[in-house]
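Read off the chains here:
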Amino acid sequence: MRTKLYRDDAIVLRAQKLGESDRIITLFTRRHGRVRAVARGVRRTTSRFGARLEPFGHIDVQLAGSATVNPATVERALHMVSQVEGIDLYGRTFLDDYPRYTAASAIAETAERLTPIEQEPSLRLFLLTLGALKALSAREHAGPLVLDAYLLRAMATAGWAPALSGCAVCGTAGRHSAFSVPAGGSVCPDCRPPGATRPAPATLDLMVALADGDWKVADASEERPRRECSGLVAAHLQWHLERGLRSLPLVDRTSNGERT
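A brief structural summary. (Residues numbered from 1 in each chain as written. Predicted model: local features only at pLDDT ≥ 70, side-chain atom pairs only at ≥ 80, totals over all residues. Heavy atoms only, no water.)

1. What about the nonpolar core?
Reasoning step 1: Ranked by size, the top nonpolar core spans 47 residues in total, and within it Leu133, Leu147, Tyr150, Met207, Leu210 and Leu248 carry the most contacts.
Reasoning step 2: Taken together, the elements giving at least two residues each to this core come down to strand S1 (4–18), helix H1 (98–113), helix H2 (123–138), helix H3 (143–157), helix H4 (201–212) and helix H6 (223–241).
Reasoning step 3: Tallying contributions element by element places H3 first for this core, with nine residues.
Reasoning step 4: Setting aside residues up to four positions removed in sequence, Met207 forms contacts with Leu152, Leu164, Phe179, Cys229, Leu232 and Val233.
Reasoning step 5: If you look at the next biggest cluster of nonpolar residues, it comprises 17 residues, including Ile25, Leu53, Val81 and Leu89. (Core = buried A, V, L, I, M, F, W, Y, C linked by side-chain atoms within 4.5 Å. Buried < 20%, exposed > 50% of the residue type's maximum accessible area, 1.4 Å probe, protein only. Helix = DSSP H or I, 4+ residues; strand = E, 2+ residues; numbered from the N terminus. Contact = heavy atoms within 4.5 Å.)

Structure, rendered in structure tokens:
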């Protein structure tokens, strides 16, 4: 496989220590999907671009490696970071804000889990992830609302969107009062399985608003439906992932996004 230089803009999802001064950076790129690359010497105080490779940043990066992957290749060599320019380093705005930092961590982990195949482009999810981090940085909406909106829309890109405007089992249109994660969302009285919950109508209204991007309704929601919504969204996501997100239990889900 031929090695070459290529550029892309990317979101930094994760950074892991490697040796004494290097890091392995997990990047979500616009055109080449998820890529793992080694950044040499970035943990040294003299590094020219170490600060640009912190999690949650939007960067312009030059990588040395193959811009395509052979599907028959089981082991994929790590790429090398050769140049980095910061576009929007959103992570800097979260350093002293625990709720938003943990929400950003859950967003980054979700993006990584929903891109299981390296270098498989996923432009819709990339733009969604970038928009969510930008919204957290702008502080226009409560962090938990931004996170839940992201999770609902990310699940839609994966084909896992919960049914909210019809029965998940029989398809009967309408707003149904019961919700079953294993069944796939809202269920009508005839299809309601054992163990289905009955969320408050305001909770379902909030889920619909977040999925549709209706921030006027979402921002006006109250504490109880926000918490119930968060629980249903998290349960639905983790059911499809088949194992939990490490970062999700750490998220502070107070209504205003501030730690109390």
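2. Quick word on the side chain of His176
Reasoning step 1: Of note, His176 is situated in the loop between H3 and strand S6 (178–180).
Reasoning step 2: Taking the relative accessible area as the measure of exposure, His176 reaches 11% and is therefore buried.
Reasoning step 3: Of the polar contacts made by the side chain of His176, one reaches the backbone oxygen of Thr172; its length is 2.9 Å. (Polar contact = N/O pair within 3.5 Å; in protein donor to acceptor, adjacent residues only side chain to side chain.)

3. Focus on the layout of surface pockets
Reasoning step 1: Volume-wise, the largest pocket comes out at about 380 Å³.
Reasoning step 2: Arg14, Ser105, Glu109, Arg246 and Ser247 are the residues nearest the centre of the largest pocket, which is lined by 16 residues in total.
Reasoning step 3: Those elements that place two or more of their residues in the lining of the largest pocket are S1 and H1.
Reasoning step 4: The dominant element in the lining of the largest pocket, judged by the number of residues it contributes, is H1, at seven residues.
Reasoning step 5: When its residues are assigned to classes, the lining of the largest pocket shows seven nonpolar, three polar and six charged. (1 Å grid on protein atoms, 1.4 Å probe; cavity = no way out; pocket = protein on both sides within 12 Å on 5 of 7 lines; lining within 4 Å. Points joined across faces, edges and corners; volume = space filled by probe spheres on them. Nonpolar A, V, L, I, M, F, W, Y, C, P; charged D, E, K, R; others polar.)

4. Considerations on the pairing of S1
Reasoning step 1: Relative to strand S4 (residues 57–65), S1 runs antiparallel, the two being bridged by eight bridges. Residue Asp8 lies in a different strand from S4, and its bridge partner there is Val61.
Reasoning step 2: Sheet topology note: the S1/strand S2 (residues 22–29) ladder contains eight bridges and is antiparallel. Its bridge partner being in S2, Ile11 is matched across the sheet by Phe28.
Reasoning step 3: What sits between the antiparallel neighbours S1 and S2 is a turn of three residues, in which Gly19 has the positive phi angle 65°. (Pairing = 2+ DSSP bridges.)

5. Notes on the packing of aromatic side chains
Geometrically, a pair of aromatic rings is defined through the distance of the ring centres and the angle of the planes.
Reasoning step 1: Tallying each qualifying case throughout the model produces three aromatic pairs.
Reasoning step 2: Put simply, the rings of Phe56, Phe94 and Tyr101 touch in pairs and so form one group of aromatic residues. (Phe/Tyr/Trp six-rings, centres within 6.5 Å; stacked < 30°, edge-to-face > 60°.)

6. Quick word on the packing of H1 against H3
Reasoning step 1: Packing of H1 against H3 brings their axes to within 9 Å, and their N-to-C directions diverge by 10°. Judged on the interaxial angle alone, H3 and H1 are roughly parallel. Contacts from Arg100, Ala103, Ala106, Ile107, Thr110 and Ala111 in H1 reach Gly143, Leu147, Tyr150, Leu151 and Ala154 in H3.
Reasoning step 2: Grouping the constituent residues of the contact of H1 with H3 by class yields eight nonpolar, two polar and one charged. (Axes fitted to C-alpha atoms, helices over the stretch in contact; angles between N-to-C directions. Parallel < 35°, antiparallel > 145°, perpendicular 65-115°, else oblique.)

7. Some points on H1
Reasoning step 1: An ideal rise of 1.5 Å per residue puts 22 Å on 16 residues; H1 measures up with 22 Å between its terminal C-alpha atoms.
Reasoning step 2: In terms of residue burial, H1 counts as a mostly covered element, since 14 of its 16 residues are buried.
Reasoning step 3: The N-cap of H1, judged by a side-chain oxygen 3.2 Å from the amide nitrogen of Arg100 a few residues on, is Asp97. (Expected span 1.5 Å × (residues − 1).)

8. What to know about the state of the cysteines
Reasoning step 1: If you walk through the whole model with that rule in mind, you get zero disulfides.
Reasoning step 2: The thiol of Cys167 is unpaired, and the distance to the nearest cysteine sulfur, on Cys170, comes to 3.7 Å.
Reasoning step 3: For Cys167, a relative accessible area of 5% puts it in the buried group.
Reasoning step 4: Free cysteine Cys229: the closest other cysteine sulfur is in Cys167, separated by 20 Å.
Reasoning step 5: For Cys229, a relative accessible area of 0% translates into the label buried. (Disulfide = S-S within 2.5 Å.)

9. Observations concerning the sheet that holds S1
Strand pairing in a sheet is mediated by backbone hydrogen bonds. Such pairs are either parallel or antiparallel.
Reasoning step 1: Overall, mixed pairing links the five strands, which are arranged S1-S2-S3-S5-S4 in a closed barrel. Within the sheet, the average angular offset between the axes of one strand and its neighbour, ignoring direction, is 45°.
Reasoning step 2: Across the face of the sheet, H1 comes into contact with S1, S2 and strand S3 (33–39) while running at roughly 120° to S1.

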